[in-house]
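Overview (structure and organization)
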Amino acid sequence: MKQYFCVGTYTEPILFGTGQIFQGKGRGIYFCSFEDGKMEVLQCLELTNPSYFCVDSGYKKIYAVNETKEYQGEFGGGVTQVSFQDGILRKEFSVNTGGTDPCHIEMAPDRSFLSVANFASGSVSVFPLDQDGNMTGERRLFRHEGSSVHPVRQKGPHAHGTVFQNGKKRMLVPDLGIDKIKVYAVEPSCALPVPEEDIVTEPGSGPRFGTFSENGRDFYLIHELASSVAHYRCEEGGLVFRQKVSTLPEGFPAENNICSDLHLTPDERYLYASNRGHDSICCFRVKKNGDLELIERVSSGGKTPRNFCVDPSGRYVLAGNQDSDTIVIFSIGQDGRLTENQRLYFPSPVCIRFFS
């Protein structure tokens, strides 16, 4: 069955939190088809640094961040609303986020607003949507405060993702700079901070991104700086820590690696996490109690796998290797192991998301 997905790319130079300046080679968002493990590029819509986006098939819209420190002549990055009809992407309009280097965007479960994590300035922007899925032009900005122990990476807050808890009116924001998961209450057309419910992670861990199980019972959090994945059980009083597993093999220097992404398979039997530095995908089996058991680590097929995804059929993993300009397609075995099928040139891939 033919499926469709988009790839976001870096299109111009960007200064990362590591101090590295990356020279983007992409042109914008690429619209692609996927069938029998093979992909084909159908269109490219030129945008500035669309490093992450979310897709709503009902509204037929894509909402992409523009990861910059200045956008439309103002401080901050941007969000661009894109429509798609009959396989054609069209830019509708852009707004400023009010925070620098927006790196993640998600739509609320009731589809009433978008939430954006602004990495460099450590804030969250919330944009209400109208009944047709259009941004209304309104914006609320919530600034995080604090720091942590890493002398370079944690001098201030660095919000890195917004994750909605299934079945609960809660939004979690892992903040790499302050070693906290900031908790927000989800309201109609907005999310509001609930600081008394914030979750403190291990000093220097650098929480980056997380995902919930479909029933909302289990939460998995990837730590960028500590190269580990934590499992939390969701109880009435909040998240309860259960387990932490390393993404690196014994003996590999932790200072030479930073983690990036993690995803469950649709059947939730397996969880995958990516390493940048070790340049690998770590494969875990999800046990009945939600804990993780290592299966293997496989090469990502390139350098710096910033983002990857599991296709909706649960048969393939597509990994975007940012620094080697490749997308690598893996098939998922019955035992959760990955086998490389195809390696394709792709300029500066940093986000891959399928249409549902």
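Data block above holds the structure.
Summary of the structure given here. (Residues numbered from 1 in each chain as written. Predicted model: local features only at pLDDT ≥ 70, side-chain atom pairs only at ≥ 80, totals over all residues. Heavy atoms only, no water.)

All chains considered together, the criterion is met by 16 aromatic pairs. Through a chain of ring-to-ring contacts, three or more aromatic side chains come together here, namely Tyr 4, Phe 31, Phe 84 and Phe 355. Against the face of Tyr 59 rests Arg 111, its NZ or CZ located 3.9 Å from the ring centre. (Phe/Tyr/Trp six-rings, centres within 6.5 Å; stacked < 30°, edge-to-face > 60°. Lys NZ or Arg CZ within 6 Å of the ring centre and 35° of its normal.)

If you walk across this open sheet you meet the 4 strands as β5-β4-β1-β33, and the pairing is antiparallel. One side of each edge strand has no neighbouring strand; the edge strands of this open sheet are β5 (38–46) and β33 (349–354). Averaged over all adjacent pairs, the angle separating strand axes in this sheet is 25 degrees, with direction ignored. Alignment of strand β4 (residues 28–35) against β5, held across 8 bridges, turns out to be antiparallel. Residue Phe 31 lies in a different strand from β5, and its bridge partner there is Gln 43. (Pairing = 2+ DSSP bridges. Helix = DSSP H or I, 4+ residues; strand = E, 2+ residues; numbered from the N terminus. Axes fitted to C-alpha atoms, helices over the stretch in contact; angles between N-to-C directions.)

Within a sheet, neighbouring strands are paired by backbone hydrogen bonds and run either parallel or antiparallel to one another. Strand order across the open sheet formed by 4 strands is β12-β13-β14-β15, with antiparallel pairing between neighbours. Here the strands that pair on one side only, and so sit at the sheet edges, are β12 (102–107) and β15 (140–143). Sheet twist, expressed as the mean angle between neighbouring strand axes with direction ignored, is 20 degrees. As paired elements, β12 and strand β13 (residues 113–118) share 5 bridges and run antiparallel to each other.

Positionally, Ile 21 belongs in strand β3 (residues 21–22). Overall, the relative accessible area of 52% leaves Ile 21 in the exposed class. In sequence terms Ile 21 and Pro 109 are 88 residues apart; their C-alpha atoms lie 35 Å from each other. Residues contacting Ile 21, with those up to four places away along its chain left out, are Pro 13, Ile 14 and Leu 15. (Buried < 20%, exposed > 50% of the residue type's maximum accessible area, 1.4 Å probe, protein only. Contact = heavy atoms within 4.5 Å.)

Time to look at the pattern of salt bridges. Oppositely charged side chains can form a pair if their charged atoms are brought close together. This structure, assessed with the given rule, holds 21 salt bridges. Here Asp 56 makes a salt bridge to Arg 111, at a shortest N to O gap of 2.8 Å. Of the two residues, Asp 56 is situated in strand β6 (residues 53–56) and Arg 111 in the loop between β12 and β13; the sequence distance between them amounts to 55 residues. The salt bridge involving Asp 335 is made with Arg 337; its shortest N-O contact spans 3.4 Å. According to the relative accessible area criterion, Asp 335 is partly exposed, its value standing at 35%. Residue class for Arg 337 comes out partly exposed when judged on its relative accessible area of 38%. Through salt bridges with shared partners, a single network forms among Arg 153, Arg 208, Glu 224 and Arg 276. (Salt bridge = Lys/Arg side-chain N within 4 Å of Asp/Glu carboxyl O.)

By the criterion of burial, β13 is predominantly enclosed, with 6 of the 6 residues buried. Here β13 shows no split at all, with Phe 113, Ser 115 and Ala 117 on one side and Leu 114, Val 116 and Asn 118 on the other all buried. Taking the residues between adjacent antiparallel strands as the criterion, β12 and β13 are bridged by 5 residues, where Arg 111 takes a positive phi near 65 degrees. Taken together, β13 and the strand that follows it, strand β14 (residues 123–128), pair antiparallel across an intervening segment of 4 residues, in which Gly 122 is found at a positive phi of about 65 degrees.

The phi dihedral of Asp 101 is positive, around 50 degrees, even though this residue is not glycine. At Glu 268, a position not held by glycine, the phi torsion is positive, near 60 degrees. Among the structural elements, Glu 268 can be located in the loop between β25 (258–264) and β26 (270–276).

With respect to the helices and strands, the residue Gly 161 is situated in the loop between β15 and β16 (163–164). Relative accessible area serves as the criterion here: at 0%, Gly 161 is assigned to the buried category. For the pair Gly 161 and Phe 119, spaced 42 residues apart in the sequence, the C-alpha separation amounts to 8.6 Å.

Before going further, it helps to spend a moment on the pairing of strand β17 (residues 170–175). Summarising burial for β17: 5 of the 6 residues are buried, a large majority. Sheet analysis places β16 next to β17, joined by 2 bridges and oriented antiparallel. Across the sheet, Val 163 pairs through a bridge with Leu 172, a residue of β17. Connecting β16 to the next strand, β17, in antiparallel fashion are 5 residues, including Gly 167 with a positive phi near 80 degrees. Sheet topology note: the β17/strand β18 (residues 180–187) ladder contains 6 bridges and is antiparallel. Counterpart to Leu 172 in the pairing with β18 is Val 183. A loop of 4 residues connects β17 with β18, the two strands running antiparallel in sequence, and Asp 179 in this loop sits at a positive phi of about 55 degrees.

Let us now look at the side chain of Asp 175. Its location among the elements puts Asp 175 in strand β17. Within the structure, Asp 175 has its side chain in polar contact with the backbone nitrogen of His 158 (distance 2.7 Å). If we ignore the near neighbours within four places in the chain, the residues touching Asp 175 are His 144, Pro 157, His 158, Ala 159, Lys 180 and Pro 207. (Polar contact = N/O pair within 3.5 Å; in protein donor to acceptor, adjacent residues only side chain to side chain.)

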